[in-house]
Amino acid sequence: MARTVNLTAHDGSTIQYVDEMIGSGGMKDVYFSPDRKYVVAFFRDKQDANARDRLLNLVGPYREKIFNGTVGDYWQKLYCWPTKIVEHKGRVGLVAPAYQKHFFFDFGSKNNDMLKIKGKEKEGKWFASASNQNKFLDPREKGNWLSYFRICILVSRAVRRLHAAGLAHSDLSYKNVLVDPSGGNACIIDIDGLVVPGKYPPDVVGTPDFIAPEVFATKNLKKGDPARKLPSILTDRHALAVIIYMYLLYRHPLRGGKIHDMEAQKDEELSMGAKALFVEHPTDLSNRPNLKQVKSSYLPWADVGAIPFTVTGPYLKILFEKAFIAGLHDPQVRPTADEWEQALVKTIDLMHPCSNGTCAQKWFIADLNGESRCPFCRTPVKEVVPILEFFSFRGAGKSVPDNHRLVVYSNLYLYQWHINRHVFPNEKLTEPQRKPAGYFVRHEGKWLLINQAIPILKELVSGQEVLPGGNLELQEGQQLLFSEEDGARMFVVQMQQKQISA
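Cut-offs applied
Residues numbered from 1 in each chain as written. Predicted model: local features only at pLDDT ≥ 70, side-chain atom pairs only at ≥ 80, totals over all residues. Heavy atoms only, no water. Helix = DSSP H or I, 4+ residues; strand = E, 2+ residues; numbered from the N terminus. Rg over C-alpha atoms; globule rule 2.2 N^0.38 Å. Buried < 20%, exposed > 50% of the residue type's maximum accessible area, 1.4 Å probe, protein only. Contact = heavy atoms within 4.5 Å. Areas by Shrake-Rupley, 256 points an atom, 1.4 Å probe, with all protein chains shown as cover. Lys, Arg positive; Asp, Glu negative; His and termini not counted. Charge placed at Lys NZ, Arg CZ, Asp CG, Glu CD. Axes fitted to C-alpha atoms, helices over the stretch in contact; angles between N-to-C directions. Parallel < 35°, antiparallel > 145°, perpendicular 65-115°, else oblique. Left-handed = near helix turned anticlockwise from the far one by under 90°. Nonpolar A, V, L, I, M, F, W, Y, C, P; charged D, E, K, R; others polar. Pairing = 2+ DSSP bridges. 1 Å grid on protein atoms, 1.4 Å probe; cavity = no way out; pocket = protein on both sides within 12 Å on 5 of 7 lines; lining within 4 Å. Points joined across faces, edges and corners; volume = space filled by probe spheres on them.

**Student:** What is the right way to look at the overall build of the protein in this model?
**Tutor:** Looking only at helices and strands, the protein has 11 helices and 21 strands in total. Against the compact-globule benchmark of 23 Å for 502 residues, the protein has a radius of gyration of 25 Å, which places it among compact chains. The burial tally for the protein puts 52% of its 502 residues in the buried class. Summarising the internal contacts of the protein: among those between residues at least 6 apart in sequence, 58% fall at separations of at least 24. Surface summary for the protein: the accessible area is close to 23,200 Å², and the carbon and sulfur share equals 50%. Charged side chains in the protein number 64 positive and 55 negative. The centres of these two groups are separated by 3 Å.

**Student:** Honestly, the packing of helix α4 (residues 145-164) against helix α9 (residues 337-348) in this entry has me stumped. Any pointers?
**Tutor:** The packing of two helices is summarised by the inter-axis angle and the distance between the axes. Two elements in contact, α4 and α9, have axes whose closest approach is 8 Å; the angle formed by their N-to-C orientations is 155°. Overall, the two elements α4 and α9 adopt an arrangement that is roughly antiparallel. As for how α4 packs across α9, the hand of that crossing is left-handed. Counted together, L146, F149, R150, C152, I153, S156, R157, V159 and R160 of α4 and A337, D338, W340, E341, L344, V345, T347 and I348 of α9 form the full contact between these two elements. Residues belonging to the contact of α4 with α9 are distributed by class as follows: 10 nonpolar, two polar and five charged.

**Student:** Got a minute to help me understand the environment of P181 in this structure?
**Tutor:** Relative to the assigned elements, P181 resides in the loop between β8 (177-180) and β9 (185-188). By relative accessible area, which is 1% here, P181 ends up buried. When sequence neighbours within four positions are dropped, the list of residues in contact with P181 reads F127, E141, K142, G143, S147, Y148 and I151.

**Student:** In this structure, what is going on with the sheet that holds strand β7 (residues 91-97)? I would like to understand it.
**Tutor:** In any sheet, the strands associate via hydrogen bonds between backbone groups, in a parallel or an antiparallel arrangement. Sheet architecture is open: five strands sit in the order β3-β4-β5-β7-β6, paired in antiparallel fashion. The sheet terminates laterally at β3 (21-24) and β6 (84-88), the two strands that pair on one side only. Each strand of the sheet is rotated relative to its neighbour by a mean of 30°, with strand direction disregarded.

**Student:** Can you walk me through empty space enclosed by the protein in this structure?
**Tutor:** A probe as big as a water molecule, rolled over the atoms, marks out the empty space that is left. Under the counting rule described, the total for this entry stands at two cavities of 30 Å³ or more. In this structure, the largest cavity encloses a volume near 80 Å³. Looking at the lining of the largest cavity element by element, the count peaks at three residues for helix α6 (residues 233-249). Residues belonging to the lining of the largest cavity are distributed by class as follows: eight nonpolar, four polar and two charged.

**Student:** Please clarify how the sheet that holds strand β14 (residues 413-414) should be interpreted in this entry.
**Tutor:** Overall, antiparallel pairing links the four strands, which are arranged β14-β15-β16-β19 in an open sheet. Edge positions in the open sheet fall to β14 and β19 (471-473), since each of these has one partner strand only. Here strand β15 (residues 438-443) runs beside strand β16 (residues 446-451); their pairing, made up of six bridges, is antiparallel. Pairing of G438 across the sheet is with N451, part of β16.

**Student:** Please explain the pairing of β7 as it appears in this structure.
**Tutor:** Successive residues of a regular strand alternate their side chains across the two faces of the sheet. Extensive coverage of β7 is indicated by the burial of five of its seven residues. Across five bridges, the pairing between strand β5 (residues 38-43) and β7 is antiparallel. Along β7, the bridge assignment pairs Y38 with P97. Taken together, the five bridges between β6 and β7 define a ladder with antiparallel strand orientation. Its bridge partner being in β7, I85 is matched across the sheet by L94. What sits between β6 and β7 in their antiparallel hairpin is a turn of two residues, with K89 showing a positive phi close to 55°.

The structure is reproduced here in structure tokens:
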């Protein structure tokens, strides 16, 4: 039986770990505490004075900045952030919370867990590849398309908070993000490599597939060379865009069919560095995937003609173009984590459930031009679908469009962030704001909005008012006002009349 080791942490507290290694990464060896509530991860390499100072700031001021604010508890589930430093036999170690239970596989792989991954952590790489999903994962582990949008929101939010604190992760990748598609959860790990511009340089250049082109192109230059580009907030933005693209489309945005050099290593350096090219570039088609060389397990997702990035909706289309066309070789243009978070939240409001019970993705983005069918199973939408266009009052009774719409389906809830532009569904939501204000239902061929907690729901054209407990039938051209307070929104109802046959 493995012995228990007792240590004194940097803050004077007692730390215990079981002297039986449970995992080993690129830089650290990991051990469980006796109660398995935390882990101790020892660096294999000696930590110099600068590294030790970084770690002290990591478990001290930087951690306090994130977790000691008014919404500090919220971030506990989005980061596996080290809490203490220990030393034993000349090695420096970090103490960090153990991963939450839902980040371990419940079922693992297909065929009675043929890969023996049941009980192991859900590294993002299992879910970011069509081949991994098609060939290996038990269907009960996969989640659906909506759950991946929720995962991307959480990852964007966590990165946004790091960047707001002036910190860069430096190695964002699917290896350093745990995901739980079945529950829509995500957690960023390996925080110990945080970069602080001008103070703590990066220890690594990143993980292949997620390294920004300018870093990849200059990685062979000496560290002190002014031409060499190192990980930063700007390179985090590239990695975040790649993560989102891969979680939503199960393919890599730069790995296509173009060959730059017959020597494999040189070709890799060019295709991911100086010559990097978006596989879905609208005018340069030279890096489109060669479907004759694509294994069947990567289909249909590898076929960018069958499932283009535009299936992610109008808001994400703009950001993917900024990230992989305008910003691919111009870091300043890349979308921020905040832009991704806001676009993802707005995109969820365009989601519609697929009526095909056997559809693997279950959800898709509705076509606002009046023709909607699931892009994954090709099942059409056969009923009239209400679409609510958001307008906000901006003084003097004037309303302006918010570039935000809500696609209605039965049992869709309406929340405070829908009816007031000053409320956004993030870590700052209060408990009252989390409660539904109303919901939509299809009843006897009519679309009804049920008022649950809106003090007064008013239809401006007819003057009809609906109090809590009442309902309103949705009809073309209605103007629905939810209050007259600052930030109140008005919805204009559009009944999507145009249907398509099977």
